[in-house]
Amino acid sequence: MYTEKVMDHFQNPRNMGEVEDADGVGEVGNPQCGDVMRITIKVDDEERIEDVKFKTLGCGAAIATSSMVTEMAKGKTLDEAEEISKKSVADALGGLPPQKMHCSNLASDGLKKAIEDYRSRS
Amino acid sequence: MTESIFMDNAATTRTDPEVIAAMQPYGNEKFGSPATLYALGSEAKSAIDGARQNLADLIGADPREIFFTSGATESNNWAIKGVADALESRGKHIITNEAEHHSILMPCRYLEKKGWEVTYLQVDGDGLVDPEAVIKAMRDDTVLVTMVHGNHEIGTIQPIAEIGAAARARKVPFHVNSAQAVGHIPVDVDELSCDLLTVSGHKFHGPKGVGALYVRRGVRITPLLLGGGQERKRRAGTHNVPGIVGLGKAAELARNRLDKEPARLAELRDYIIDSIENNMEDIRLNGHRTKRLPNNVNFSFDGIEGESIMLSLSYPTSRDKKPIYVSTGSACVSGTLEPSHILLALGVPVELAHGSVRVSLSRENTREDADSFLSALYEVVERLRSMSPVYKRGSKKCASGSGSDGCDCEAAT
């Protein structure tokens, strides 16, 4: 049901945890839906994402998409990172089962929220 | 073949090699249809008769009361629709409970659309139906009571004999979905006072695609499938001879083990339950502690989600560990946004229903398997909780039996 890439990110998640003294925090989802993601970012002077980490409660797809988003966002400018969409995350993972596109693919929203949070602080 | 530990036996079981051996001649060599009169046909007919006797012996029935079907889903559909149709002139009310399998609930909902009234009795926090509630719910126009024997997800065993006696006192036909119980615990249709009983072959090491409906003599039921005169004109279609022979063999093998196997499994089950309760925090046992199928364990783990537990167990990170197969009541595998309706019916909070794992054992599972499962489980739950943004040790969420407000997932996204 899941691609090898999804399973790889699920079993060996990249950037799991929380960035210390985060410049932006984004949390999406709801435990009652079975998915919650928390993305924390560190932004450098040139508005690039210097560090990004995730913590996720959820299914295989939820964890894999979170891991993938952090990998895609790292080193990008905030404007570039905001362009990361659900579809581009799913594509980078070699695709997701259709029912997972809606409920478990929230990581890009989490990232956007973290960026918004950063911008609202500055 | 990768060696693995299969603990999803409530979903299906491995077909016993003796069952396959018994079925084998009926594919190529003795392929006749039992409806034909020449020797090839009568060979098949006597094989079916033998299987019918074996299954009748397993559940204390007369062979003439056994009707072979394609499995439990057909048997459940047939029992409900067939009795409702046959007794329509007497009344249009059916009693069941809210924690039933979909192959019970869906035919009930279908009949509701056609003008029948269905009472879905509530279950308590352990999944039990109160026989008194059944007595209170019965009316003059009640034509069927249908109750699961052992719940497929939480393993709770209903007080079937008491419910059966109550239904009989009111002369209301009583159907029991015994798909998870037959072959696992002793089942006797007279002791249970049931009029119809569903059997599934592949739940006790028989082949898939074959089952049976026990119909007590004198119980009126309209056929679901019309056509030829097979199964005493009650279930048309050329017999699935290899499948039926396999079901008969599985019934014979199960019966031979009924004196010892349920106790062995119950001990293994209790070992797993006790180990989890003694070694883990923020967990909840779902289903009744003792009134429980001997092969069922179902736990919720706070702060994590069931599919990721299931996936982690089935794809071990190191090569010296075997994949372990279990199942979950999480929405992620149901194809909807809602987790298991059965867990919700018990009052399990939605977030804990998402984090449920079902282990269902079979005669193939050993103490060693249980230990492998437990050590893998401890590791997986610890790892997933370390990734969870919401898990807080000792939140006491698991202690509360109270329900949740429900899931508004569209809004949450």
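Residues numbered from 1 in each chain as written. Chains lettered and ligands numbered in written order. Predicted model: local features only at pLDDT ≥ 70, side-chain atom pairs only at ≥ 80, totals over all residues. Heavy atoms only, no water.

Engineer: I'm lost on the interface of chain A and chain B in this one. Help?
Structural biologist: Interfaces are often sized by the accessible area lost when the parts come together. Between chain A and chain B, the residue contacts involve 29 residues of the former and 31 residues of the latter. Summed over both sides, the interface of chain A with chain B buries roughly 2300 Å², with 65% coming from carbon and sulfur. Across the contact surface, chain A and chain B share one salt bridge. The partner of Glu307 of chain B in a salt bridge is Lys100 of chain A, with the nearest N and O atoms 2.5 Å apart. At the boundary of chain A and chain B, one finds ten residue pairs in polar contact (both at pLDDT 80 or more). Of all elements in the fold, only α1 (4-11), β1 (24-30), β2 (35-43), β3 (49-57), α2 (60-73) and α5 (98-103) of chain A reach the threshold of two or more residues within the side of chain A that touches chain B. (Contact = heavy atoms within 4.5 Å. Buried area = accessible area lost by both parts, 1.4 Å probe. Salt bridge = Lys/Arg side-chain N within 4 Å of Asp/Glu carboxyl O. Polar contact = N/O pair within 3.5 Å; in protein donor to acceptor, adjacent residues only side chain to side chain. Helix = DSSP H or I, 4+ residues; strand = E, 2+ residues; numbered from the N terminus.)

Engineer: Is there a simple way to think about the packing of helix α11 (residues 306-314) of chain B against helix α14 (residues 367-387) of chain B in this case?
Structural biologist: In a packed pair of helices, the relevant descriptors are the angle between the two axes and the axis-to-axis distance. Residue and element names in this part refer to chain B. Running from N to C, α11 and α14 cross one another at 130°; their axes reach a closest spacing of 10 Å. If you check the angle between α11 and α14, you find them oblique. α11 and α14 meet at a crossing whose hand is right-handed. Counted together, Ser308, Ile309, Ser312 and Leu313 of α11 and Phe373, Ala376, Leu377, Val380, Arg383 and Leu384 of α14 form the full contact between these two elements. Of the residues belonging to the contact of α11 with α14, the class tally is seven nonpolar, two polar and one charged. (Axes fitted to C-alpha atoms, helices over the stretch in contact; angles between N-to-C directions. Parallel < 35°, antiparallel > 145°, perpendicular 65-115°, else oblique. Left-handed = near helix turned anticlockwise from the far one by under 90°. Nonpolar A, V, L, I, M, F, W, Y, C, P; charged D, E, K, R; others polar.)

Engineer: Honestly, the pairing of strand β3 (residues 93-97) of chain B in this entry has me stumped. Any pointers?
Structural biologist: Walk down a regular strand and you will see the side chains alternate between the two sheet faces. Residue and element names in this part refer to chain B. The element β3 is extensively covered by neighbouring structure, given that five of its five residues are classed as buried. The alternating pattern of β3 places His93, Ile95 and Asn97 and Ile94 and Thr96 on opposite faces, both of which are buried. Crossover β3 to strand β4 (residues 117-121) through helix α5 (residues 102-113) is right-handed. Bridge analysis of β3 against strand β5 (residues 142-148) gives three bridges, and the strand direction is parallel. Across the sheet, the residue bridging to His93 is Thr142, located in β5. (Buried < 20%, exposed > 50% of the residue type's maximum accessible area, 1.4 Å probe, protein only. Right-handed = clockwise from strand over helix to strand, strands pointing away. Pairing = 2+ DSSP bridges.)

Engineer: Looking at this model, I keep getting lost on the packing of aromatic side chains. Mind explaining?
Structural biologist: What characterises a pair of aromatic rings is the spacing of the ring centres plus the angle enclosed by the ring planes. Residue and element names in this part refer to chain B. Tallied over the full model, the rule gives three aromatic pairs over all chains. Considering the side-chain rings of Phe67 and Trp78, the 6.0 Å spacing of their centres and the 90° angle between planes classify their relative orientation as edge-to-face. Remark: Trp78 occurs in helix α4 (residues 72-86) and Phe67 occurs in strand β2 (residues 66-69); sequence separation between them is eleven residues. One exposure class covers both Phe67 and Trp78, and it is buried. Each ring, one from Phe299 and one from Phe301, has its centre 6.3 Å from the other, and the planes form 35°; the classification is tilted. Residue class for Phe301 comes out buried when judged on its relative accessible area of 1%. (Phe/Tyr/Trp six-rings, centres within 6.5 Å; stacked < 30°, edge-to-face > 60°.)

Engineer: Sorry, what's going on with the domain arrangement of chain B here?
Structural biologist: Residue and element names in this part refer to chain B. Each assigned domain of chain B is listed here: domain 1 (17-257) and domain 2 (260-387). Computed from C-alpha coordinates alone, the two centres of domain 1 and domain 2 are separated by 29 Å. Taken together, the contacts link 27 residues of domain 1 with 24 residues of domain 2. The junction of domain 1 with domain 2 conceals about 2200 Å² of combined surface from both sides, 57% of it contributed by carbon and sulfur atoms. Among the residues of domain 1 in contact with domain 2, Glu153, Ile154 and Arg257 are the three that bury the most area, contributing 31% of the side total. Linking domain 1 to domain 2 there are zero salt bridges. Of all the elements in the fold, those that place two or more residues in the side of domain 1 that touches domain 2 are α5 and α9 (241-257). (Domains from an automatic or database assignment.)

Engineer: How should the confidence of the model for chain A be read in this particular structure?
Structural biologist: Interpreting fine coordinate detail is not advised for predicted regions of low pLDDT. Overall, the prediction assigns chain A a mean pLDDT of 94, with 99% of residues at 70 or greater. When pLDDT is averaged over each helix and strand of chain A, the minimum, 79, is found for α5 of chain A and the maximum, 97, for β3 of chain A. (pLDDT = per-residue confidence, 0-100.)

Engineer: Looking at this structure, how should I read the side chain of Ser300 of chain B?
Structural biologist: All names here are of chain B. The topology assignment puts Ser300 in strand β10 (residues 296-301). A distance of 3.0 Å separates a polar atom in the side chain of Ser300 from a polar atom in the side chain of Asn286. Leave out the neighbours within four places in its chain, and Ser300 touches Asp282, Ile283, Arg284, Asn286, Val348, Leu352, Ala353, Gly355 and Ser356.

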